[in-house]
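Here is how the chains run, residue by residue.
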Amino acid sequence: MTRESSLTLDRGLALLQAVADAGEASATVTDLAEAIGTSRAAVYRLLVPLAERGLVWRDGSRVRLGSGVLRLAEQMLPQLRAAARPVLRGLADTVGATAHLSVVEGDQVHVVAAAEPLRTTFHVAYRLGSRHPVSRGAVGKALGLRPRGRGWAAVSGDPQPGTYGVAAPVRGVVGIRAALGVVSLTALDNAVVGPQLVEAANTLAEALRT
């Protein structure tokens with residue numbers, strides 16, 4: 001691959017990420033040009049192959065993600081679950097609480113993998129596919145953490161009354177906004193569980209990058 005081709009690929013990926021970052025509000029070509037630091041004409045050229053592959057959808061000067069992204073996501077989900085499985089099992093048994101991996105889809109958090117502890121009398125049963133607003137729960141708070149601040153967040157009674165949750169963001173994986181969390185029916189020792197989640201999230205991120 002030539003240097004020019006590499007730069008074009010990099011800009012195309014940056015453009016796709018900028019469209020994704022716009023969320024439910026479709027981005028304009030002007031917005032995208034500013035986001036990736038190029039001209040409107042260059043954005044129009046980059047959009048052509050992305051649109052042909054169904055990765056973006058254009059309505060005049062406005063751009064949204066296309067259905068092709070969903071196909072890619074469906075193909076990646078088994079890989080994501082496979083990488084998360086041992087991490088979640090270790091968390092669930094170490095903490096004694098249900099562990100889960102949640103990813104952001106639009107303004108919702110989507111539970112894509114979970115593991116229940118093997119040696120508890122009572123624990124939370126977390127159904128795969130469960131969703132709640134990204135602003136809610138420990139996962140929502142964890143996703144809003146600053147990179148250089150504390151690496152975990154804790155809540156009680158949110159999003160479900162009577163539950164306690166701790167979560168840490170999975171950082172450094174391009175194209176994925178996700179967090180690892182644990183949820184319990186009894187209060188957790190957050191000062192101990194929080195760092196455990198950060199370590200587990202780093203382990204998962206490393207597995208996904210390799």
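See above for the structure.
Structural notes, computed from the coordinates.

Procedures and definitions
- Residues numbered from 1 in each chain as written.
- Predicted model: local features only at pLDDT ≥ 70, side-chain atom pairs only at ≥ 80, totals over all residues.
- Heavy atoms only, no water.
- Helix = DSSP H or I, 4+ residues; strand = E, 2+ residues; numbered from the N terminus.
- Buried < 20%, exposed > 50% of the residue type's maximum accessible area, 1.4 Å probe, protein only.
- Areas by Shrake-Rupley, 256 points an atom, 1.4 Å probe, with all protein chains shown as cover.
- Lys, Arg positive; Asp, Glu negative; His and termini not counted.
- Charge placed at Lys NZ, Arg CZ, Asp CG, Glu CD.
- Salt bridge = Lys/Arg side-chain N within 4 Å of Asp/Glu carboxyl O.
- Pairing = 2+ DSSP bridges.

### Some words on the overall build of the protein chain
Here is step 1 of the chain: Helices and strands together make up the secondary structure of the protein chain, namely 6 helices and 9 strands.
Here is step 2 of the chain: Principal axes of the C-alpha set define a box for the protein chain whose edges measure 60 × 35 × 30 Å.
Here is step 3 of the chain: Across the 210 residues of the protein chain, 40% fall into the buried class.
Here is step 4 of the chain: Working note: accessible area of the protein chain is about 11,900 Å², and carbon and sulfur atoms make up 53% of it.
Here is step 5 of the chain: On the protein chain, the mean spot of the 23 positive side-chain charges and the mean spot of the 17 negative ones are 1 Å from each other.

### Looking at the pattern of salt bridges
Here is step 1 of the chain: Inspection of every chain in the model, using the stated rule, returns 2 salt bridges.
Here is step 2 of the chain: Note that Asp93 and Arg89 form a salt bridge whose closest N and O atoms lie 3.1 Å from each other. Taken together, the residues Asp93 and Arg89, both in helix α4 (residues 67-95) and 4 residues apart, mark about one turn of the helix.
Here is step 3 of the chain: Overall, the relative accessible area of 29% leaves Arg89 in the partly exposed class.
Here is step 4 of the chain: Residues Arg136 and Asp158 are paired through a salt bridge, measuring 2.7 Å at the closest nitrogen-oxygen approach. Separated by 22 residues along the polypeptide, Arg136 in the loop between β6 (131-133) and α5 (137-143) and Asp158 in the loop between β7 (153-156) and β8 (164-170) bring together distant segments of the chain.

### Description of the pairing of strand β4 (residues 98-105)
Here is step 1 of the chain: Counting buried positions along β4 yields 7 of 8 residues, so the element is predominantly enclosed.
Here is step 2 of the chain: Alignment of β4 against strand β9 (residues 178-184), held across 6 bridges, turns out to be antiparallel. Counted as the bridge partner of Thr98 is Val183 from β9.
Here is step 3 of the chain: In terms of strand pairing, β4 meets strand β5 (residues 108-115) through 7 bridges, oriented antiparallel. Bridge assignment links Leu101 to a residue of β5, and that residue is Ala113.
Here is step 4 of the chain: In textbook terms, the turn of a hairpin is the stretch between consecutive antiparallel strands, and for β4 and β5 this stretch comprises 2 residues, one of which, Gly106, has a positive phi near 65°.

Keep in mind these numbers describe shape, not what the thing actually does.
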